[in-house]
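Structure assessment
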Amino acid sequence: MQAMVLNRLGAALEWTELADRHPGPGEIRVKVLACGVCRTDLHVVDGELPHPRVPIIPGHEIVGRIESIGEGVDGLHLGERVGIPWLGHTCGVCPYCVGQRENLCDRPIFTGFTRDGGFATATIADARFAFPLGESGDDVSLAPLLCAGLIGWRSLVIAGDGKKLGLYGFGAAAHILAQVARWQGRSVFAFTRPRDTKTQGFARSLGAHWAGGSDEAPPEPLDAAIIFATVGDLVPLALKAVRKGGRVVCAGIHMSDIPSFPYGLLWEERQLLSVANLTRQDGLDFLRLAPKVGIVTKTTRYPLRQANEALADLRAGRFEGAAVLVP
Ligand SMILES: [Zn+2]
Ligand SMILES: [Zn+2]
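For the structure given in this document, a descriptive report is provided here. (Residues numbered from 1 in each chain as written. Chains lettered and ligands numbered in written order. Predicted model: local features only at pLDDT ≥ 70, side-chain atom pairs only at ≥ 80, totals over all residues. Heavy atoms only, no water.)

1. A short note on unusual backbone geometry
The test is simple: Strands here are runs of E lasting at least two residues and helices are runs of H or I lasting at least four, both read from the DSSP assignment and numbered beginning at the N terminus. Relative accessibility under 20% of the residue-type maximum defines a buried residue, over 50% an exposed one, and the middle range a partly exposed one, all with a 1.4 Å probe and only protein chains included.
Of note, the bond from V54 into P55 is cis; its omega dihedral lies within 30 degrees of zero at -5 degrees. By secondary structure assignment, the location of P55 is in the loop between α1 (39-46) and β4 (62-69). In this structure, E268 is a non-glycine residue whose phi angle is positive, near 70 degrees. Here E268 lies in the loop between β14 (242-250) and β15 (271-274). Of note, the phi angle at N277 is positive, near 60 degrees, even though the residue is not glycine. With respect to the element layout, N277 can be found in the loop between β15 and α8 (280-293). The class for N277 is buried, based on a relative accessible area of 13%.

See below:
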C-alpha cells in the first residue's frame with residue numbers, strides 16, 4: 001500500500017510505500033476509494049492537539065470497500081462499501097461509554113490521529129466503528145459526510161430546535177448543515193470572513209436566508225449559533241447575536257483563545273457549549289437522514305499524492321465546500 005505519512009509535526013506529508021497489513025481480530029482492511037480532508041487534519045499536522053502520535057497517516061472521512069476481514073467480525077461482508085469516521089475505537093467500560101456518551105470516552109482511539117487513517121490506498125479499522133454505506137451516492141460526494149456531516153449533525157442537535165440558526169464559518173460542515181437545517185424548515189444565517197462575498201454567495205445558493213461577515217450583526221436575533229471556524233473571537237460575537245435563552249455551540253476540536261467579554265453577553269440564560277467527537281448513534285442517525293434531505297456536497301478532488309496541496313488550499317480557504325483525496 002501507499003500512504004501520505006506525517007513523520008514529524010508541522011512537516012509536509014511524505015509519499016511512502018508500506019507493507020500491507022492483515023486485519024487483526026475484530027478488524028477489517030478497507031481499500032480506500034475517497035478520503036475527505038477535514039480542518040482537524042490541519043490541527044493534527046500542526047501538532048495542535050494533545051497527545052499526538054507520529055508517524056501517522058491522517059484522514060478520517062474514509063469511504064472504502066472491505067477487502068479483508070479479521071476474526072470475529074459480524075455483519076460485514078467482503079466488497080461492502082463502508083465509511084470510517086474519526087471515532088476509531090472506544091474502551092466500552094468507562095463511565096462515558098456506559099452512559100451512552102462514548103464520544104467522551106476516557107481511552108478513545110481516533111482515526112487519522114492515534115490510529116492510521118485514510119490518506120492512503122488502504123487502511124485497517126475496528127469493524128464496530130465502520131458504517132455500512134450502501135451503494136447509492138458516489139464515493140467522493142459521500143466522504144465529507146463522515147466528519148463534516150456527522151459532527152455538524154451532532155452540533156445541530158445540541159443547538160436545539162430553534163428556527164433561526166447562525167453558522168459561523170461556512171466551510172465543509174456548514175455547507176452540509178445549511179441543507180439539513182433548511183430541510184427542517186429553519187432559517188440559516190451564514191457568517192463568513194469579513195468581505196468574503198464569494199462564500200456569502202455560496203451560502204445564499206444553498207438557501208441561506210442571510211449571509212454576511214462575522215463582524216456584522218444578523219438582521220434579527222438568532223435562536224442558536226454554531227461556530228465552525230477556529231477563531232475564539234467569534235464566541236462573544238455569537239453570544240451577542242443570539243436572543244435571551246439562546247445557545248452558542250463551538251463545534252471545532254481546537255480554537256484560538258476566547259477573549260474576555262462582559263458577563264452581560266452570557267446573562268439571560270444564554271448557553272455556551274462545545275461538541276466533542278461523535279457517537280456511533282450520531283453516525284447511524286445522520287447517515288439515515290442524509291438521503292432523505294438529498295444533501296449535495298460540493299467537493300474539490302485531489303489525487304492522494306497532492307494531499308499537501310489540499311491541506312494548503314484548505315488553510316487558505318481556496319475552495320468552497322470540501323476537499324477529497326482520491327487514491
Ligand atoms: Zn470509554
Ligand atoms: Zn474531521
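2. Describing the coordination of the zinc ion (ligand 2)
Angles between donor atoms at a metal ideally measure 109.5 degrees for a four-coordinate tetrahedral arrangement and either 90 or 180 degrees for a six-coordinate octahedral one. What counts is decided by this rule: Water is absent from the atoms considered, so a metal site may look incomplete; donors are defined as N, O and S atoms within 2.8 Å of the metal, or 3.2 Å for Na, K and Ca.
Here the zinc ion (ligand 2) is held by C38 (SG), H60 (NE2) and C147 (SG), and the distances to it run 2.0 to 2.2 Å. When the donor residues of the zinc ion (ligand 2) are listed from N- to C-terminus, their spacing reads C-x21-H-x86-C. Of this pair, C38 sits in the loop between β3 (27-37) and α1 while H60 sits in the loop between α1 and β4; the two residues are 22 residues apart in sequence, bridging distant segments of the chain.

3. A closer look at the packing of aromatic side chains
This is how the line gets drawn: Stacked, tilted and edge-to-face are the three classes assigned to paired rings of Phe, Tyr and Trp, where Trp is represented by its six-membered ring and a pair needs centres within 6.5 Å; plane angles under 30 degrees give stacked, over 60 edge-to-face, the rest tilted. For a lysine, the NZ atom is tested; for an arginine, the CZ atom; a charge sits over a ring if that atom is within 6 Å of the ring centre and within 35 degrees of the ring normal.
Evaluated as defined, the whole model comprises 8 aromatic pairs. Between W86 and F113, the aromatic rings sit 5.8 Å apart at their centres with planes inclined by 20 degrees, giving stacked as the arrangement. Taken together, the residues W86 in the loop between β5 (81-84) and β6 (87-89) and F113 in the loop between β7 (109-110) and β8 (122-126) connect sequence positions 27 residues apart. Each member of the pair, W86 as well as F113, is classed as buried. A centroid spacing of 6.3 Å and a plane angle of 45 degrees characterise the contact between Y263 and W267, whose relative ring orientation is tilted. Chaining the aromatic ring pairs together yields one cluster made of Y168, F189, F191 and W210. It is R305 that lies over the ring of W15; its NZ or CZ is 4.0 Å from the centre.

4. Overview of the pattern of salt bridges
We count it as follows: By definition, a salt bridge exists where a carboxyl oxygen of Asp or Glu is found within 4 Å of a side-chain nitrogen of Lys or Arg.
Summed over the entire model, instances satisfying the criterion amount to 15 salt bridges. Salt-bridge contacts for R128 lead to D126; the nearest nitrogen and oxygen are separated by 2.9 Å. With a relative accessible area of 7%, D126 lands in the buried category. Residues participating in the shared-partner salt-bridge network are R21, E27 and R115.

5. Description of the sheet that holds strand β11 (residues 187-192)
The condition is simple: By this definition, two strands are paired if DSSP reports at least two bridges between them. Angles here are taken between N-to-C directions and fall from 0 to 180 degrees, while the axes themselves are lines fitted to C-alpha atoms, restricted in helices to the stretch in contact. In this analysis, two residues are considered to be in contact whenever any of their non-hydrogen atoms come within 4.5 Å of each other.
Strand order in this open sheet of 6 strands is β12-β11-β10-β13-β14-β15, and the pairing throughout is parallel. Lying at the two open borders of the sheet, with one neighbouring strand each, are β12 (210-213) and β15. Strand-to-strand twist across the sheet, computed as the mean angle between neighbouring axes with direction ignored, equals 20 degrees. As paired strands, β11 and β12 are joined by 4 bridges and run parallel to one another. Pairing of F189 across the sheet is with W210, part of β12. Against the sheet, helix α5 (residues 172-183) makes contact with β10 (164-168), β11 and β13 (222-227), and its axis sits at roughly 175 degrees relative to β10, the strand it touches most.

6. What about the nonpolar core?
Here is a general trend for soluble globular proteins: nonpolar side chains tend to be buried in one another's company. Defined as follows: Take the buried Ala, Val, Leu, Ile, Met, Phe, Trp, Tyr and Cys residues and link them wherever side-chain atoms come within 4.5 Å; each set so joined is a nonpolar core.
Counting 92 residues, the largest nonpolar core has I28, F119, L167, I226 and F286 as the members making the most contacts within it. If you tally residues by element for this core, the top one is α5, at 8 residues. Core analysis: the next-biggest nonpolar cluster, separate from the first, contains 16 residues, F191, V235, A241 and V248 among them.

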